[in-house]
Amino acid sequence: MSKIIGMNSLEDNRFKSISDFKWCVNSGGEVEFEWKGAVFGIWPKLRKAPNVPLQMVISQVYADNPVSTEKWCDTADELLDYLVCGDRLRDVITQVTVLDRTI
């Protein structure tokens, strides 16, 4: 018998603390969130070039030029310094609307 897995609610997806966010991205979790009407994505464990270490990237998702909004980071703390609509992610991560997250 197969088991149906339901979707998380926005409250289930919300980051309860900075530590919760760090654990998620350090474990390879992908995140999509909305803040002040803009949608952003975080993709960990990527390589910008073949011979570089794994990194994480954050960018605005539905921008005219998403590449111009991206920031490649070595740590979750660097992600938290990214500006989302003029606010540091660190200051608003527990307030953003997390639309989707893995892990």
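Every residue gets a number counted from 1 within its own chain, in the order that chain's sequence is written. With the structure being a predicted model, the display of local features is reserved for residues of pLDDT at least 70 and the display and counting of side-chain atom pairs for 80 or more, all residues being used for whole-chain, interface and lining totals. Side-chain numbers come from the whole structure's heavy atoms, not from hydrogens or water.

(A) Focus on the side chain of Asn-13. Within the secondary structure layout, Asn-13 lies in helix α1 (residues 10–13). Throughout this description, buried means an accessible area under 20% of the type-specific maximum (1.4 Å probe, protein chains only), exposed means over 50%, and partly exposed covers the range between. The class of Asn-13 is buried, set by a relative accessible area of 5%. At 3.1 Å, the side chain of Asn-13 forms a polar contact with the side chain of Asn-8. It only takes one pair of heavy atoms within 4.5 Å for two residues to be counted as in contact. Residue contacts for Asn-13: discarding those within four places in its chain leaves Asn-8, Val-98, Leu-99, Asp-100 and Arg-101. Strands are runs of DSSP state E lasting at least two residues, helices are runs of H or I lasting at least four, and both sets are numbered from the N terminus onward. Polar contacts, as counted here, are pairs of nitrogen or oxygen atoms within 3.5 Å of one another; within protein the pair requires one atom able to donate a hydrogen and one able to accept it, and residues that are adjacent in sequence qualify only if both atoms are side-chain atoms.

(B) Fine view of the pairing of strand β2 (residues 38–46). Strand pairing follows a simple DSSP-based rule, namely that at least 2 bridges must link the two strands. Of the pairings in the sheet, the one linking strand β1 (residues 31–35) to β2 comprises 5 bridges and is antiparallel in character. Bridged to Glu-32 within β2 is Gly-41. Hairpin connection from β1 to β2: 2 residues lie between these consecutive antiparallel strands, with Lys-36 at a positive phi of about 55°. By the bridge criterion, 5 bridges tie β2 to strand β3 (residues 55–60) in an arrangement that is antiparallel. In the strand pairing of β3, Leu-46 is matched with Gln-55.

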